[in-house]
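# Coordinates in review
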Amino acid sequence: MLFVLAFVLLIVLGSPWNIVGFGTCFILGIGELYVWSRTVRRRPVAVGAHTLVGREAAVISPCRPEGQVQLDGEIWQARCAAGAGVGDTVRVVSRDRLVLVVEPAQGGGR
């Protein structure tokens, strides 16, 4: 964002302030990119199937024992040995390829 401001100041301001504003914003923009880069590099990667375990999902097709659940807007095939009806909340226990193994959530369903 500071890079855009630098170019706007270069065009809008008169001489010599356009060069001063451009240089200042450009240097601050480089500093901003450096801080942003360091912050992003320290974050743990939050992707992959292992991130689904322990999450709660809503049942959209009865799981007796196989059905479908919706988790973060995605529809997954699911298997629930205890059985779960439409609208119930289930917790993901594990994953078997592309099928989530779920159990009824402790807080109840509907």
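Refer to the structure presented above.
Now for a description of the structure that goes with this document. Remember, it's a predicted structure, so these values are computed and weren't measured experimentally. (Residues numbered from 1 in each chain as written. Predicted model: local features only at pLDDT ≥ 70, side-chain atom pairs only at ≥ 80, totals over all residues. Heavy atoms only, no water.)

A separate point is the pairing of strand β5 (residues 99–104). Of the strand pairs in this sheet, strand β3 (residues 74–79) and β5 are connected by three bridges, and their pairing is parallel. Residue Gln77 lies in a different strand from β5, and its bridge partner there is Val99. Relative to β5, strand β4 (residues 89–96) runs antiparallel, the two being bridged by six bridges. Residue pairing in the sheet places Val92 in a bridge with Val102 of β5. In this antiparallel pair of consecutive strands, β4 and β5, the connection spans two residues, and Arg97 shows a positive phi of 60 degrees. (Pairing = 2+ DSSP bridges. Helix = DSSP H or I, 4+ residues; strand = E, 2+ residues; numbered from the N terminus.)

The next thing to look at is helix α2 (residues 17–42). An ideal rise of 1.5 Å per residue puts 38 Å on 26 residues; α2 measures up with 38 Å between its terminal C-alpha atoms. Listed as buried for α2 are Asn18, Gly21, Cys25 and Gly29. On its buried face, α2 is in contact with α1 (2–12). (Expected span 1.5 Å × (residues − 1). Buried < 20%, exposed > 50% of the residue type's maximum accessible area, 1.4 Å probe, protein only. Contact = heavy atoms within 4.5 Å.)

The full count for this structure, using the stated rule, is three aromatic pairs. A ring pair is formed by Phe22 and Phe26, whose centres lie 5.6 Å apart and whose planes are at 25 degrees; its orientation type is stacked. With Phe22 and Phe26 both in helix α2, this residue pair falls four residues apart, about one helical turn. Phe26 sits in the partly exposed class, given a relative accessible area of 32%. (Phe/Tyr/Trp six-rings, centres within 6.5 Å; stacked < 30°, edge-to-face > 60°.)

Before going further, it helps to examine the nonpolar core. Judged by nonpolar contacts, the single largest core of 14 residues is most densely connected at Cys63, Val69, Val90, Leu100 and Val102. When contributions to this core are tallied by element, the ones reaching two or more residues are β1 (56–61), β2 (66–71), β3, β4 and β5. Sequence-distant contacts of Val102, defined by excluding residues within four places in its chain, comprise Ala78, Arg79, Cys80, Ala81, Val90, Arg91, Val92 and Val93. (Core = buried A, V, L, I, M, F, W, Y, C linked by side-chain atoms within 4.5 Å.)

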